[in-house]
Amino acid sequence: MLLTKRWFCYQSTGWHSICEPFKYFNNLIAMPIVLVLFLLGVVAVLAGIYLGAFKTSSKGIWYSGIGTILAVFSLFMLADSITQHFIHQHTT
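Residues numbered from 1 in each chain as written. Predicted model: local features only at pLDDT ≥ 70, side-chain atom pairs only at ≥ 80, totals over all residues. Heavy atoms only, no water.

Concerning the overall build of the chain
Part 1: When helices and strands are tallied, the chain shows three helices and two strands.
Part 2: When the helices and strands of the chain are listed from N to C terminus, the series reads β-β-α-α-α.
Part 3: Within the span of the chain, comprising 92 residues, buried residues form 20% of the whole.
Part 4: For the chain, restricting intrachain contacts to residue pairs at least 6 apart in sequence, the fraction spanning at least 24 positions comes to 43%. (Helix = DSSP H or I, 4+ residues; strand = E, 2+ residues; numbered from the N terminus. Buried < 20%, exposed > 50% of the residue type's maximum accessible area, 1.4 Å probe, protein only. Contact = heavy atoms within 4.5 Å.)

Quick look at the structure:
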């Protein structure tokens with residue numbers, strides 16, 4: 001999602017289309033707190049998978065759950081940032 005789709009396009013009305021290369025990646029770089037939350041979430045999910053699959057610990061579910069919440073929350077923040085950018089751009 002971050003690097004595979006080269007263009008993010010938004011078609012507001014018939015003829016206008018706004019495209020920017022690597023829009024999601026650029027937004028993550030512009031918002032370092034969201035980037036940190038996303039990376040912490042991914043690491044926590046991977047740690048939960050490791051603890052659940054390779055160790056005899058039952059704590060893996062907690063790491064996976066918290067990591068999932070952090071990763072999804074950061075993606076919601078990223079999507080809201082993109083939406084707010086286009087709403088602001090088209091109302092002024």
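Thoughts on a nonpolar patch on the surface
Part 1: Taken together, Val-42, Leu-46 and Ile-49 make up a surface patch of nonpolar side chains, about 260 Å² in accessible area.
Part 2: Mapped onto the fold, Val-42 is located in helix 2 (residues 32-54). (Patch = residues over 30% accessible without salt bridge, like charges linked within 9 Å, V, L, I, M, F, W, Y side chains within 5 Å. Areas by Shrake-Rupley, 256 points an atom, 1.4 Å probe, with all protein chains shown as cover. Salt bridge = Lys/Arg side-chain N within 4 Å of Asp/Glu carboxyl O.)

Let's talk about the confidence of the model for the chain
Part 1: Chain-level statistics for the chain give a pLDDT mean of 78 and a share of 65% at 70 or above.
Part 2: Mean pLDDT per element in the chain: strand 1 (residues 7-11) is the minimum at 55, and helix 2 is the maximum at 95. (pLDDT = per-residue confidence, 0-100.)

A look at the packing of aromatic side chains
Part 1: With the rule as written, the count across this model stands at one aromatic pair.
Part 2: Taking 5.6 Å as the distance between ring centres and 45° as the angle between the ring planes, the aromatic pair formed by Tyr-50 and Phe-54 counts as tilted. With Tyr-50 and Phe-54 both in helix 2 and four residues apart, the pair spans about one turn of that helix.
Part 3: A relative accessible area of 40% means that Tyr-50 is categorised as partly exposed.
Part 4: Here Phe-54 falls in the exposed class, since its relative accessible area comes to 63%. (Phe/Tyr/Trp six-rings, centres within 6.5 Å; stacked < 30°, edge-to-face > 60°.)

Focus on helix 2
Part 1: Compared with an ideal rise of 1.5 Å per residue, which puts 23 residues at 33 Å, helix 2 spans 32 Å between its outermost C-alpha atoms and is within 8% of the ideal.
Part 2: Where helix 2 is concerned, the buried positions are Val-34, Phe-38, Gly-41, Ala-44, Gly-48 and Leu-51. (Expected span 1.5 Å × (residues − 1).)

Re the environment of Leu-70
Part 1: Its place among the elements puts Leu-70 in helix 3 (residues 60-91).
Part 2: Look past the residues within four positions of Leu-70 in its chain and what remains in contact with it is Leu-37, Leu-40 and Gly-41.

Details of the packing of helix 1 (residues 23-30) against helix 2
Part 1: Two elements in contact, helix 1 and helix 2, have axes whose closest approach is 5 Å; the angle formed by their N-to-C orientations is 105°. The orientation of helix 1 with respect to helix 2, classified from their angle, is roughly perpendicular. From helix 1, Leu-28, Ile-29 and Ala-30 reach across to helix 2, where they touch Pro-32, Val-34 and Leu-35.
Part 2: Among the residues forming the contact of helix 1 with helix 2, the class breakdown is six nonpolar, no polar and no charged. (Axes fitted to C-alpha atoms, helices over the stretch in contact; angles between N-to-C directions. Parallel < 35°, antiparallel > 145°, perpendicular 65-115°, else oblique. Nonpolar A, V, L, I, M, F, W, Y, C, P; charged D, E, K, R; others polar.)

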